[in-house]
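Chain by chain, the residues:
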Amino acid sequence: MTRVRLDVWLVRTIETRPDSAALALEELDGRERERAERFVSPGDRLRYLAAHIALRRVLALHTGTAPGDLRFTRATCPRCGGPHGRPELAVGTPPVHFSLSHSHGRVLIAVAAAPVGADIQRSPGGGTVEACLPALHPAERAEVERRPVSARPAEFGRLWTRKEAYLKGIGTGLAHGMSTEYLGADARGRPPGWTVLDLDLAEDRAYAAAVAVRAEGVRPPEVRERGASFLRAAVPAV
């Protein structure tokens, strides 16, 4: 059986200058620039720009195409058949699948030869956990509630990132519903045909992260880490 290779990148952007002057903005296309301008908060705008420059630079390393020359499209939505499914590269032989997530100064990017989803979240507070528990699969909710109150945020964070990674991978996002499939701690009960992995972010214990790949037997990846210099105007070394 041929194993699907999974590559995961973590880019720390929190130290990026708030005026975005150092970012490689010329690598973004008109649609990305237009969307960035819609953000009212300068911080939200900066986070969006940093995440999309990081995505382009990672995909450039995987495809051999310059970051600014990459073109994106959307897969067909598996729910309604509309052209607003998972983001895809417009061309690619063999196909390169990817997923992007960002949270509070961290950008997570997964790249694979099969459909993939990635998610990163900063650990939630206890109030958030209690408010979101009713939305979970009953077995997931029971797992979290069995934990001591002090341990529930970390348990919930791992669970939530698994669910979001899987929902991104199938191309529906949250519209699929959070209670439909089980993505709890018991891997035997998770959706068949998928590998769902928690990521070890050794220096970022305040975050939880996960990836989901439509393939079986995918090995846990080494997380490739980069700092804010990865996003600056000079093209980074491979």
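Here we summarise the structure given alongside this text. (Residues numbered from 1 in each chain as written. Predicted model: local features only at pLDDT ≥ 70, side-chain atom pairs only at ≥ 80, totals over all residues. Heavy atoms only, no water.)

Turning our eyes to something else, we now look at the pattern of salt bridges. The tally for this structure, following the rule as stated, stands at 19 salt bridges. The residue Asp29 makes a salt bridge to Arg56 at a minimum N-O spacing of 3.2 Å. Residue Asp29 is located in the loop between β1 (6–12) and α1 (30–37), and its partner Arg56 is located in helix α2 (residues 42–63); the two are separated by 27 residues in the primary sequence. Residue Asp29 is classed as partly exposed on the basis of its relative accessible area, which comes to 23%. In this structure, Arg147 and Glu155 form a salt bridge, with 3.7 Å as the shortest nitrogen-oxygen distance. Residue class for Arg147 comes out partly exposed when judged on its relative accessible area of 36%. (Salt bridge = Lys/Arg side-chain N within 4 Å of Asp/Glu carboxyl O. Helix = DSSP H or I, 4+ residues; strand = E, 2+ residues; numbered from the N terminus. Buried < 20%, exposed > 50% of the residue type's maximum accessible area, 1.4 Å probe, protein only.)

The next subject is the packing of helix α4 (residues 138–146) against helix α5 (residues 152–170). In the contact formed by α4 and α5, the axes pass within 8 Å of each other and the chain directions differ by 155°. In terms of their interaxial angle, α4 and α5 are classed as roughly antiparallel. The interaxial crossing formed by α4 with α5 has right-handed handedness. Contacts between α4 and α5 involve Glu140, Val144 and Glu145 on the former and, on the latter, Arg152, Glu155, Phe156, Leu159 and Lys163. Its residues assigned to classes, the contact of α4 with α5 comprises 3 nonpolar, no polar and 5 charged. (Axes fitted to C-alpha atoms, helices over the stretch in contact; angles between N-to-C directions. Parallel < 35°, antiparallel > 145°, perpendicular 65-115°, else oblique. Left-handed = near helix turned anticlockwise from the far one by under 90°. Contact = heavy atoms within 4.5 Å. Nonpolar A, V, L, I, M, F, W, Y, C, P; charged D, E, K, R; others polar.)

Positive phi, normally seen in glycine, also occurs at His104, with a value near 45°. Residue placement: His104 occurs in the loop between β4 (97–103) and β5 (106–112). Exposure remark for His104: the relative accessible area of 41% places this residue in the partly exposed category.

Spanning 19 residues, α5 covers 27 Å between terminal C-alpha atoms, matching the ideal 27 Å at 1.5 Å per step. Counting buried positions along α5 yields 16 of 19 residues, so the element is predominantly enclosed. One or two steps after α5, the chain reaches Gly171, where phi turns positive at roughly 95°. (Expected span 1.5 Å × (residues − 1).)

Let us look at the sheet that holds strand β6 (residues 116–122). Strand order in this open sheet of 3 strands is β6-β8-β7, and the pairing throughout is antiparallel. Strands at the two margins of the open sheet, each flanked by one partner only, are β6 and β7 (195–198). In this sheet, neighbouring strand axes are inclined to one another by 10° on average, regardless of whether the strands run parallel or antiparallel. Relative to strand β8 (residues 207–213), β6 is paired through 7 bridges, and the arrangement is antiparallel. In the sheet register, Arg122 faces β8, and the bridge partner there is Tyr207. (Pairing = 2+ DSSP bridges.)

So yeah, pure geometry; function would need other evidence.
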